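# Architecture at a glance
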Amino acid sequence: MAHQTITPTGREKPFTGDRMIVSKTDLRGTITYVNRTFMEVSEFPYTELIGQPHNIIRHPDMPRTAFRHLWKTIQSGEEWFGMVKNISANGDHYWVFANVTTDYRDGRAIGYYSIRRPLPEPLKQLATELYAELRRIETAEGMDAAEKWLMDQVEAAGFASYRDFMLQTYLKHAGQAGGEA
Ligand SMILES: Cc1cc2nc3c(=O)[nH]c(=O)nc-3n(C[C@H](O)[C@H](O)[C@H](O)COP(=O)(O)O)c2cc1C
């Protein structure tokens, strides 16, 4: 798939202020809509995004555990909040705080939305460390061990759920994300 041929540059692409990156997918994660900011930041043209699986912007630094947790959460009908590092077409990366929710029509789930805001600077550091350790555990001990480790971290930090951990940690730092907001 396209994303596997992109070599990360290690350079961060600025995504700041009060902009939002929005996309919609069908129930399997195929992209059906992107907003202008999505195209600007990802540097993919519309035609290379629509109809493609959303992992087209997946960055290799992202642990599989994060997406497993995302899918489990949204397929159970709950919304998901999380920190995501994405890759642009030129190999640069950008961090987002994502909120993924179900898209309903006539009371039936027809797909999902993701609305992404800039990730506050301290959370980029937190996510970098958390995700490096998750990838290490995934390789050494497997997916279940990685997920358990993540949930243990959440509990040790005093949060009742991953959702609480993400939301409260984000809200504590929100406002420092952009600088120009
Ligand atoms: C609405 C929605 C938005 C998503 N946004 C992203 C995203 O911004 N970046 C990303 O890497 N994966 C995103 N995903 C998850 C991908 O579908 C996929 O699970 C992930 O990239 C891992 O790919 P893989 O299973 O091929 O490793 C999104 C999924 C949904 C349903």
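Data block above holds the structure.
These notes cover the structure that comes with them. Note that the structure is a prediction, hence the values are computed from the model and not measured.

Let us now look at the overall build of the chain. Scanning the chain for helices and strands turns up six helices and five strands. For 181 residues, the compact-globule formula gives about 16 Å, and the C-alpha radius of gyration of the chain, at 16 Å, lands near that figure. For the chain, the spread of C-alpha atoms along the principal axes amounts to about 45 × 40 × 35 Å. When burial is assessed residue by residue, the chain has 45% of its 181 residues classed as buried.

In this section: helix 3 (residues 64–75). Given a rise of 1.5 Å per residue, 12 residues ought to cover 16 Å, and the 17 Å separating the end C-alpha atoms of helix 3 matches this to within 8%. Listing the buried residues of helix 3 in full gives Thr 65, Ala 66, His 69, Leu 70, Thr 73 and Ile 74. Taken end-on, helix 3 shows its buried residues confined to a sector of 155°, consistent with a single buried face. When the buried face of helix 3 is taken as reference, the exposed residues oriented beyond 90 degrees from it are Arg 64 and Gln 75. Residues of helix 3 that are buried in the fold lie against strand 3 (80–87), strand 4 (93–105), strand 5 (108–118), helix 4 (121–141), helix 5 (143–156) and helix 6 (162–173).

The next subject is the pairing of strand 5. With six bridges connecting them, strand 1 (residues 21–26) and strand 5 associate as antiparallel partners. Residue pairing in the sheet places Ile 21 in a bridge with Arg 116 of strand 5. With 10 bridges connecting them, strand 4 and strand 5 associate as antiparallel partners. Bridge pairing in strand 5 links Val 100 to Ser 114.

Positioned with a positive phi, Glu 43 is a non-glycine residue whose angle comes to about 65°. Tracing the backbone shows Glu 43 in the loop between helix 1 (36–42) and helix 2 (46–49). Classification of Glu 43 by relative accessible area gives partly exposed; the value is 36%.

The rules behind these values
Residues numbered from 1 in each chain as written. Predicted model: local features only at pLDDT ≥ 70, side-chain atom pairs only at ≥ 80, totals over all residues. Heavy atoms only, no water. Helix = DSSP H or I, 4+ residues; strand = E, 2+ residues; numbered from the N terminus. Rg over C-alpha atoms; globule rule 2.2 N^0.38 Å. Buried < 20%, exposed > 50% of the residue type's maximum accessible area, 1.4 Å probe, protein only. Expected span 1.5 Å × (residues − 1). Arc of directions from axis to C-beta. Contact = heavy atoms within 4.5 Å. Pairing = 2+ DSSP bridges.

In short, shape yes, function no, at least from these values alone.
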